[in-house]
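Structural features, examined
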Amino acid sequence: MFYTEITKIIEAGLRKDPTKVASYSRLLAKKMSVDGDERASSRILSVIEKAGGSQASVDTLTVLPVDQESRLDIAEIDYAPSIDNMILNKSVQDSLDDFRDTIQNKEKMMSVGLDFRMTLLLYGPPGCGKTSAAKYLASELNLPLVTARFDTLISSLLGNTAKNIHRIFEFAKKQPCILFLDEFDAIAKARDDAHELGELKRVVNSLLQNIDDFSQEGILIAATNHANMLDSAVWRRFQTIIELPAPGSDEIRRFINQFPKVANEGSITESQWKTIINAMTGLSYSDIKDIVQNMLKKAVLKNKTDIECADYLVEIFIFNNHGNYGQDEIIQYLYENGVAQKQIGRYFSISERQVRNHLGKGANS
């Protein structure tokens, strides 16, 4: 039932690697505890502690691999990754949970002769949940998340990038963890890219070899905003591939509902909510977060007791126009999106006559 951990412990023992023995023994003890065998779990943990394995494991995890040129870390570790409630569409959530369940039932798969690689590729536009998905899986599997730092992993010295890739894979092998390669296209570009030098081929070849070796036992997650740039051979290394698109209307509404209620929003009608959500369609979760937080910040600073449709639409307009706008333009935008002149006046603290004057200017511009 615990084939993977036992095999890893035996391999590490034969190689005289006490840190790896301690790491996988601890994982075995944890699984036994979950399975109800508390006595065996306690005995294993007691043996590790007496042998000093606990401190050895921690010491190894904190000694991060470094780039030989800059002497800077090429990885960082999140020991207890956690995220706020993640909002994804059902098909994406189901795919992530299927990947999790497959890993949790690896022994069962192996017992019936199924062979699979614990490799996952996430792709989609920026800010749509790829990093959150990696943290979610690490949290669900209760494993540390080892994230590559591409700002230092990619070296200016010829050949060092390939060596750094090997170092980070070797580091991740030493303990139960998830290796996360974000901005994956930085090292996995198509080898026929005419703008790249010969070094790229060496980097990609090294990457493929390390993935093949690591994926026999390790868990690998990679993420990219530029799926079209990946080498064709890279795609074949991932057993599970999931696209994380921009949120749809249902996800947008649920995402907005997560934010604190700093004032009453009861005056916003369902029709107005549809207008707000339609105006946010195509934006990423990250974009929407910035918009809503800016709106809530202004509401708090103004001591508002009621938030209206105009509060949301103003922030959407400012975001889309990068802060470069005139008051006539924003008033015209609100009016075109169904906000009443009275509400517009209330938002800007001007009279309805002044609102009509601004609308007249907007129409004549």
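Scroll up to find the structure this text is about.
Below is a short write-up of the structure. Keep in mind the model is a prediction, meaning the values are calculated, not measured. Counting restarts for each chain, with residues numbered from 1 along the sequence as it is written. Since the coordinates come from a predicted model, pLDDT governs what is reported: local features require at least 70, and pairs of side-chain atoms require 80 or more to be given and counted, while whole-chain, interface and lining totals use all residues. The side-chain figures draw on all heavy atoms in the structure; neither hydrogens nor water molecules are used.

Buried residues are those whose accessible area, probed at 1.4 Å on protein chains only, stays under 20% of the maximum for their type, while exposed residues exceed 50% and partly exposed ones sit between those limits. Helix and strand assignments follow DSSP, with helices taken as H or I runs no shorter than four residues and strands as E runs no shorter than two, numbered in order from the N terminus. Counting buried positions along strand 5 (residues 219-224) gives 6 out of 6 residues, so the element sits mostly inside the fold. Side chains Ile-219, Ile-221 and Ala-223 of strand 5 all project onto a buried face; the interleaved residues Leu-220, Ala-222 and Thr-224 project onto the opposite face, where all are buried too. In terms of strand pairing, strand 2 (residues 119-123) meets strand 5 through 5 bridges, oriented parallel. In the sheet register, Tyr-123 faces strand 5, and the bridge partner there is Thr-224. The pairing criterion is simple: DSSP has to find at least two bridges between the two strands.

This part covers the packing of aromatic side chains. Here the aromatic set is Phe, Tyr and Trp, taking the six-membered ring for Trp, and pairing holds for ring centres within 6.5 Å; pairs whose planes are under 30 degrees apart are stacked, those over 60 apart are edge-to-face, and all others are tilted. The tally for this structure, following the rule as stated, stands at 9 aromatic pairs. With a centroid separation of 5.5 Å and 85 degrees between ring planes, the pair formed by Phe-255 and Phe-259 is classed as edge-to-face. Residue classification places Phe-259 among the buried residues on the basis of a relative accessible area of 12%. Ring geometry for Phe-255 versus Tyr-285: centroids 5.1 Å apart, planes at 70 degrees, classification edge-to-face. Taken together, the residues span a long stretch of sequence, with Phe-255 in helix 12 (residues 249-256) and Tyr-285 in helix 14 (residues 285-301) at a distance of 30 residues. The buried category is assigned to Phe-255, whose relative accessible area is 12%. A ring is considered to have a charge above it if a Lys NZ or an Arg CZ atom is located within 6 Å of its centre and within 35 degrees of its normal. In this structure, Lys-302 is placed above the aromatic ring of Tyr-347, and the distance from its NZ or CZ to the ring centre is 4.7 Å.

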